[in-house]
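Examining the three-dimensional arrangement
Listed below are the residues making up each chain.
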Amino acid sequence: MGLTSETTVYVMAAVAVVCVALLVWVWPRLAKPTVRQVLGRLTAIGVTQVTIIAAFACWLNSSYQFFGSWDELFGNTDTAPVGVTQAADHNGGATGVSVKGALVQPASDEQLNRVSGLPTGNPAVNGKVESVKVIGRRTGVVDPAFVYLPPQYFQKAYARQRFPVVVALSGYPGSIFNLAQYLRVSQTAGQLQKDGQMQPTIMVMIRPTIAPPRDTECVNVPGGPQTETFLAKDLPQALKSVYRVGHDASAWGVMGYSSGGTCALQLAMRNPHVYTTAAGLSPDYRIKDDPTTGNLFGSGLGRVNRVNGHDLMWRLKHLPAPQISVLVAESKHGERGYPQTLAFIKAVKAPMRVVSILPESGSHNFPTWVREMPATLKWMNQQLTFPQDVVPRHIAPKKGHSTVRAEGTEPTPTTSTHK
């Protein structure tokens, strides 16, 4: 019975209901003013409250995926060593990554099976979504991910072709389940590609919360979680070692919603040699400490520089603009970040480019972001270069094999280039 499964939620809810019923039933028997009866009442109340809180916590965790498994909840995370990978048969043999020690390894389909609208059947016709875990060589982080592979990835004509990549980041609290089920990342990308509005692209859905429940905001915390290193170095390295993805930064983009959008902009502006395109849906432009983050920047003489380095407005004013393209989205009415978004757009200078999606109304929620997704993905796709490099013939997959180892009105981006 998995931690995030509906069965766990129902069982905990049933236990809570039973405890409440028992409390009502035994209460008259504990009404006497003796020490024993008082302790009995306190125990009964305490047990009932604990079960109610546990049931609510299970429901909350199932919805937002703070912890993906019992092992993760109790701190028993996988720290498997890295190693080589090998091709796997995707037509009846092993599917996805399968070699022990690989940087990307297969993971449980428990969350994936709860997502609606995913491709099924022949992957060469419909594409495929894999549930994996990404292992950071530098950071030691093990993070779950969903990877959408377009139909062309499995077709003979593309057997040696590498593909562009879009990394999609969840907000906080958030999970890859939210990206797949509520933001509809792979479903939207698949439909756009099917309609010829988007070139074949690999979509990687991953959470930036690598040390749950702490919100690290994609920062390398002094003496703590190294989130930026994981997303800017470990993740690309792992994907390149397993999937046929482009090796040049021009084929890599990153996007996200809420704090995931903040991370996307941060990653591109701070690591333009890794991500040349970024999209932030309802992002912030400055990272600061709060109760969910703790101290992100440490102390001492370097703290001010670290704080400024994660203030995008400060960077635009004091540092050379990176050669990247970014999209920002914020509703004029219903979201509080609209003035900051306008200020960011105005501050961007060449060679950096910015476009925007600025709906008249919308809230900080999935319906708003889903409405913005098609335009966002199409714009990102136009910026990314379809890789010209191919897999060398001596390691190209054989026939039937993959190098995978192991409604609303659509908003239109408005281009604003400031010099």
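Quick caveat: nothing in here was measured; it's all calculated off a predicted structure.

Let us look at the pattern of salt bridges. As enumerated under the stated definition, the model contains seven salt bridges in all. D234 is paired through a salt bridge with R138; the nearest N and O atoms lie 3.2 Å apart. Remark: R138 occurs in the loop between β3 (128–135) and β4 (142–149) and D234 occurs in helix α7 (residues 227–242); sequence separation between them is 96 residues. Look at D234 and you get buried, because its relative accessible area is 1%. Here E360 makes a salt bridge to K332, at a shortest N to O gap of 3.0 Å. With E360 in the loop between β10 (353–357) and α12 (366–383) and K332 in the loop between β9 (325–329) and α11 (338–347), the pair connects residues that are 28 residues apart, well separated along the chain. By relative accessible area, K332 is classed as partly exposed at 31%.

Here we come to the environment of Q49. Inspection of the secondary structure assignment puts Q49 in helix α2 (residues 35–64). Judged by its relative accessible area of 47%, Q49 falls in the partly exposed class. Considering only alpha carbons, one finds Q49 and A16, 33 residues apart in sequence, at a separation of 8.2 Å.

Within the secondary structure layout, E335 lies in the loop between β9 and α11. You can call E335 buried: its relative accessible area is 7%. As a C-alpha pair, E335 and S363 span 28 residues in sequence and 5.5 Å in three-dimensional space. Excluding its chain neighbours within four sequence positions, the residues that come into contact with E335 are S282, E330, G362, S363, H364, T368 and W369. A distance of 2.4 Å separates the side chain of E335 from the side chain of S282, its partner in a polar contact. Here the side chain of E335 touches S331 through a polar contact of 2.9 Å, landing on its backbone nitrogen.

Rules used in this analysis
- Residues numbered from 1 in each chain as written.
- Predicted model: local features only at pLDDT ≥ 70, side-chain atom pairs only at ≥ 80, totals over all residues.
- Heavy atoms only, no water.
- Salt bridge = Lys/Arg side-chain N within 4 Å of Asp/Glu carboxyl O.
- Helix = DSSP H or I, 4+ residues; strand = E, 2+ residues; numbered from the N terminus.
- Buried < 20%, exposed > 50% of the residue type's maximum accessible area, 1.4 Å probe, protein only.
- Contact = heavy atoms within 4.5 Å.
- Polar contact = N/O pair within 3.5 Å; in protein donor to acceptor, adjacent residues only side chain to side chain.

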